[in-house]
Amino acid sequence: MEFLSDEQAEAYGKFAEEPTRPELERFFFVLTPPDRDPGKRWVLGPEPDGAEPAEAAAPLAAGITAVRIGYARCSTATQELQSQLDALEPVCFEVFHEKVSTRVKVWPQYEKAVAMARRFKRLHPDVQVILTVHEFRRLGRGTDLLVTVEDLRKAGIALEFLSGPITGLYDPGDRHGQGAILFGVLAALSGAERTYTREKTLEGQESARKRGRTGGRPASLDADQIEYALTLRAKGTPMKEIQQKTVITRGKHKGKNPSLPTLYRTLAEAAAQRTDT
C-alpha cells in the first residue's frame, strides 16, 4: 500500500470487504491516449472528456481574426529571458517560457504553447493562429528546427520571428510567398547541414586513422608496453605472466596490471595493424 496516494489508500480502505478484481480495475483505471506508444515523444493532448480550456474560445467571441501564442527560451540558468518576454508579452495572448538546453529532447513549456495553438486552430479554423518567438534559434537548431517547423505547418499554425535574419510572419497556407520561402530554405539548410556533418565526420575519422587512432577509449598500454607484450607473446610466454609484467600507463587505472580481456584485445589489435601495414 505504500505505492498508493493518501486519497487512494483512504478510498481503498472503505471497501466493505476484499474488493474483486473488476472493482480494483475500475478504481485504479487511468485514461491513456489511444496513440500513446512506447518510445513515442510525449505531446500534451486534449483535456479529458473532450473538455477545452475556456480561453480557447475567447478570440472568436471577441471578433479577433488572429491570435498569437508566445514562446521564449534560453539554454542556461545564467542567460536572461526578460528581453524576450518584453518583446512577446505586448503582442501575445499568452507567453510560455522556460530555461532548457537544445540538447534536451522534451521542452514542456514549448509543448504547452503548441498544444494551446492546436486547440485554437481546431476550435476556430478560420482564425489565424501564430506561434511567435523572439528569433528562430529559440526553436532549436538544424534538423530539430526543421522538424519543429514541419509539425507547425501540418497543424496549420503560422510562425513569426520578431528579430533576427528571418524576421517576419510565415503562414503555412501561403504557398507562393514568405511561408513557402521559409519552409523551402529550412529544408535546404537542413539537408546541407546533414551532408556537411557527415563529410566532416568522415574527414575526422580518416585523419584519426592516419594518426593511428581508431576511435573509442584511449589504449591502456602505450606503444612500448605493447611492443614488450608482443615480444613476450612471440616467445611463448603465458598470457597470465605477460599480464603481470605489463603496466597500464594512463587513465584512472594507471600503475595497475591490465585485465586479461584488455590484454588479449590490445595485442590482437596491434597484430592486426602490423598485418595491414
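Model, not experiment: these values are computed from the prediction.

Calculation criteria
Residues numbered from 1 in each chain as written. Predicted model: local features only at pLDDT ≥ 70, side-chain atom pairs only at ≥ 80, totals over all residues. Heavy atoms only, no water. Helix = DSSP H or I, 4+ residues; strand = E, 2+ residues; numbered from the N terminus. Areas by Shrake-Rupley, 256 points an atom, 1.4 Å probe, with all protein chains shown as cover. Pairing = 2+ DSSP bridges. Axes fitted to C-alpha atoms, helices over the stretch in contact; angles between N-to-C directions. Contact = heavy atoms within 4.5 Å. Polar contact = N/O pair within 3.5 Å; in protein donor to acceptor, adjacent residues only side chain to side chain.

(A) Layout of the overall build of the chain. Tallying secondary structure elements over the chain gives 10 helices and 5 strands in all. As displayed, the chain has an accessible area near 18,400 Å², and 54% of this comes from carbon and sulfur atoms.

(B) Looking closely at the sheet that holds strand β5 (residues 168–170). One open sheet accounts for 5 strands, arranged β2-β1-β3-β4-β5; its pairing is mixed. One side of each edge strand has no neighbouring strand; the edge strands of this open sheet are β2 (94–99) and β5. With strand direction ignored, the average angle separating the axes of adjacent strands in the sheet is 20°. Both strand β1 (residues 66–74) and β2 contribute to a ladder of 6 bridges, which runs parallel. Among the inter-strand pairings, Tyr-71 is bridged to a residue of β2, identified as Phe-96. Together, β1, β2 and β3 (128–133) form the strand contacts of helix α5 (residues 108–123), whose direction differs from that of β2 by roughly 160°.

(C) Representation of the side chain of Thr-262 within the structure. Structurally, the position occupied by Thr-262 is in helix α10 (residues 260–276). For Thr-262, the side chain forms a polar contact with the side chain of Ser-259, separated by 2.9 Å.

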